[in-house]
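# Residue-level structural notes
Below, each chain spelled out in residue letters.
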Amino acid sequence: MYWKIGESSSYSVEWAEELWEKRIFALGPQKPILNIAAGACQPYPDFAHTFLSDPRCVEFARKAAAACRWTSVRDPLASQILCALGVEHEALPCAALHAARRTNFKGTFGGVVGVNLMPLGGHFRLRDDFDDDVWNAVCQALVKSLRKYHRLLFIAHDASEKAFMERYRGEGEVIFLSGSWRDYLHVYAKSSAVVSNRVHGAVCAAGFGRPTVIIGNDTRLMIGDFIGIPSLYAMEAKAGQVVDLIEDGIRGQKAEGERLIHLREESAGRYRSAILESIFQTGRATGTSSMAKKSGRTSGTKKFALASKAEFCSGSFQDLMLTLNCFAERWGLRRLSTTLEGWEYPWFLFNAFDGADWSQVRLLDMDSDLNPMPWFMASLGAQVELVGKRGMRTAQWEEVRRRTGLKVDWQVPSINEVRIPEQCYDVVTCFSAAEPCPGQDTMVAEAAKALRSGGTFLISLRLRPPSRGLSLPWRSSGVLTIKKFTQTIWEHPAFGVNAENPGWGLRPDDILVEKDGKCRFPGPVTAGAAVLRKK
């Protein structure tokens, strides 16, 4: 578990010395130690930068990865932490999803909705502003609304939960409590749907194909993101919203059940393969490697090419896109296409920033609109500023900033009002666009002025190839040819990419996506990208 909450952290907990230092760190990686379904726990909402701000937490995460032959993570926050450190891992649904596979139980719905409520909406009081009265009102309204449509079965996992739910139990309703974990499999399997504070109870129910809603008070509620289980923060949950989610799940139970069972079996196969490979070292090296190496890249190489088909389909690329899209969906940003855009974001992170210290990065993003990537970088610790165009959805940016608390600022000038400070930024990004300013020349010049010496300029393009050159599909400003790309971006004097100064970037003749080993996207779309260092 990765956490940093005040003085409590992964490395300072009482069992860290006996379990990690004396055993796991001492034995791994010579012994086949596997870190299965690692998770993160912070007050909700919180992000990777809190954990990464503590050097001893960073050291702990690196040592844990180095000691284990394989690491899987069960939630997006844990994945964000390891992505920021460049640590190899796999993003998989929580292993509790597979508890149902221990049984042959095929029973139909029992006609009850399972309800699990905890006094604090979770295990611990992690935020000072958690209001017990508000939470009590949510619980009262929730059970009252659910009771209108369904019989309720209260499911307690310990005596304190049983005592708490007594205040909500109606006449004739039962609170289930057992000292045997096996008894809970039967109870969750027979529920029509489940609302749960206990995240593993919710995941167990999902493993039986049951519609489930998680309500929590810390980032463990995001355990449902890799599974597709809706989850809500206890202080923001509304009874009507939860009931609607439950009703939608029950109405579509057949399709939802099939989806969950398919995910369970598919992920079980991935768990099985990874575990067997790790134990018998078939195709899997001992210890850890960086995400760049896992995807077939080596950071700092002189030449970069576009992602190959094998790299595009690799676990590291796909897992990072899953993490990015979970982040986007939770905070109301644009979901990224895993086909058309699935190469560029992993390509940049693994090539240019594998294991970077994001707390030291000041980043300027051009023309992102609701692209989640700048916000994701802010969640890792970067100081981010956005430059947009008139008409962009700054109201959504305001809402994302309010909900997340991330330090992201912006300006939306007219064409002639750009006020970008000179030589102040470590990174300038321009994702999936060619003309964030009035033209490519202006955009590249602005990026060059904004960057400090040694700073990095990232640009990616999505274009359509006509008979001569490459035209921009959504604009009418003419044709961007390979020659113009070379002159405007690759050979810009600020970046000095030449034989003597290798720089970072894409060779001009590599911007077309070829059939022989390169990844061709659906339709007549081609792509190019560059990672350039300012002189």
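Whatever comes next refers back to the structure up there.
Keep in mind it's a predicted model, so treat the numbers as computed, not measured.

For the rest of this paragraph, the subject is the overall build of the protein chain. Looking only at helices and strands, the protein chain has 18 helices and 19 strands in total. Counting across all 535 residues of the protein chain, residues that qualify as buried make up 56%. In the protein chain, once contacts between residues fewer than 6 apart in sequence are set aside, the share between residues at least 24 apart is 72%.

Attention now moves to helix H7 (residues 181-190). Given 3.6 residues per helical turn, the α-helix brings residues three or four places apart onto the same face. Residues Tyr184, Leu185, Val187, Tyr188 and Ala189 constitute the buried set of H7. Buried-residue contacts for H7 involve strand S7 (151-155), strand S8 (174-176), strand S9 (191-196) and helix H8 (199-207).

What follows deals with the sheet that holds strand S3 (residues 34-38). Spatial ordering of the open sheet is given by S3-S4-S5, a layout of three strands whose pairing is parallel. Because the sheet does not close on itself, it has two edges, and the strands there are S3 and strand S5 (90-91). Here strand S4 (residues 70-73) runs beside S5; their pairing, made up of two bridges, is parallel. Bridging from a neighbouring strand, Val73 pairs with Ala91 of S5.

We now examine the sheet that holds strand S11 (residues 231-233). Within the open sheet, the six strands sit side by side as S8-S7-S6-S9-S10-S11. Their pairing is parallel. Here the strands that pair on one side only, and so sit at the sheet edges, are S8 and S11. Averaged over neighbouring strand pairs, the angle between their axes works out to 25° when direction is ignored. Of the strand pairs in this sheet, S7 and S8 are connected by three bridges, and their pairing is parallel. Counterpart to Phe154 in the pairing with S8 is Ile175.

Next up on the list: the packing of helix H13 (residues 315-331) against helix H14 (residues 344-352). Taken N-terminus to C-terminus, the directions of H13 and H14 make an angle of 110°; their axes are 9 Å apart at the nearest point. By the angle class used here, H13 and H14 are roughly perpendicular. Side by side, H13 and H14 meet where Ser316, Phe317, Leu320, Met321 and Leu324 of the first sit next to Tyr345, Pro346, Trp347, Leu349 and Phe350 of the second. In terms of residue class, the contact of H13 with H14 is built from nine nonpolar, one polar and no charged.

Among the nonpolar cores identified, the biggest contains 122 residues, and Tyr2, Ile81, Leu117, Trp135, Leu349, Trp358 and Trp375 are the most heavily contacted of them. Examining the composition of this core, we find that eight residues originate from one element, H13, more than from any other. Setting aside chain neighbours within four positions, we find Leu117 in contact with Trp135, Cys139, Val143, Glu161, Phe164, Met165, Tyr168 and Asn197. Core analysis: the next-biggest nonpolar cluster, separate from the first, contains 22 residues, Cys424, Cys430, Phe495 and Leu532 among them.

Taken across its six residues, strand S15 (residues 425-430) has five buried, putting it largely inside the fold. With three bridges connecting them, strand S12 (residues 362-366) and S15 associate as parallel partners. Residue pairing for S15: Asp365 is matched across the bridge by Thr429.

In terms of burial, strand S6 (residues 112-116) is a largely internal element, five of the five residues being buried. Side chains of S6 alternate between two faces, with Val112, Gly114 and Asn116 and Val113 and Val115 buried alike. Judged from the four bridges that link them, S6 and S7 form a sheet pairing that is parallel. In the strand pairing of S7, Val115 is matched with Phe154. For the segment spanning S6, helix H5 (residues 132-147) and S7, crossover handedness is right-handed.

This part is about the packing of H5 against helix H9 (residues 239-251). Running from N to C, H5 and H9 cross one another at 40°; their axes reach a closest spacing of 9 Å. On the basis of their axis angle, the class for H5 and H9 is oblique. H9 is crossed by H5, and the crossing has right-handed handedness. Residue-level inspection shows Ala141, Leu142, Ser145 and Leu146 of H5 in contact with H9, the latter providing Ala239, Val242, Val243 and Ile246. Of the residues in the contact of H5 with H9, the class split is seven nonpolar, one polar and no charged.

On the surface, Leu276, Ile279 and Phe280 cluster together into a nonpolar patch covering about 310 Å² of accessible area. Mapped onto the secondary structure, Phe280 falls in helix H10 (residues 253-280).

Below, the discussion takes up the packing of aromatic side chains. Tallied over the entire structure, the rule returns 20 aromatic pairs. Between the aromatic rings of Phe47 and Trp331, the centroid separation amounts to 5.7 Å while the plane-to-plane angle is 55°, which identifies the pairing as tilted. Taken together, the residues Phe47 in the loop between S3 and helix H2 (48-52) and Trp331 in helix H13 connect sequence positions 284 residues apart. Neither Phe47 nor Trp331 differs from the other in exposure class; each is buried. Measuring from centroid to centroid gives 5.7 Å for Phe327 and Phe376, while their planes differ by 90°, and the two rings are edge-to-face. On the criterion of sequence distance, the pair formed by Phe327 in helix H13 and Phe376 in helix H15 (residues 373-379) is long-range, its members being 49 residues apart. Members of the aromatic cluster, each reached through a chain of ring pairs, are Tyr44, Phe47, Tyr233, Phe327, Trp331 and Phe376.

Parameters at a glance
- Residues numbered from 1 in each chain as written.
- Predicted model: local features only at pLDDT ≥ 70, side-chain atom pairs only at ≥ 80, totals over all residues.
- Heavy atoms only, no water.
- Helix = DSSP H or I, 4+ residues; strand = E, 2+ residues; numbered from the N terminus.
- Buried < 20%, exposed > 50% of the residue type's maximum accessible area, 1.4 Å probe, protein only.
- Contact = heavy atoms within 4.5 Å.
- Pairing = 2+ DSSP bridges.
- Axes fitted to C-alpha atoms, helices over the stretch in contact; angles between N-to-C directions.
- Parallel < 35°, antiparallel > 145°, perpendicular 65-115°, else oblique.
- Nonpolar A, V, L, I, M, F, W, Y, C, P; charged D, E, K, R; others polar.
- Core = buried A, V, L, I, M, F, W, Y, C linked by side-chain atoms within 4.5 Å.
- Right-handed = clockwise from strand over helix to strand, strands pointing away.
- Left-handed = near helix turned anticlockwise from the far one by under 90°.
- Patch = residues over 30% accessible without salt bridge, like charges linked within 9 Å, V, L, I, M, F, W, Y side chains within 5 Å.
- Areas by Shrake-Rupley, 256 points an atom, 1.4 Å probe, with all protein chains shown as cover.
- Salt bridge = Lys/Arg side-chain N within 4 Å of Asp/Glu carboxyl O.
- Phe/Tyr/Trp six-rings, centres within 6.5 Å; stacked < 30°, edge-to-face > 60°.

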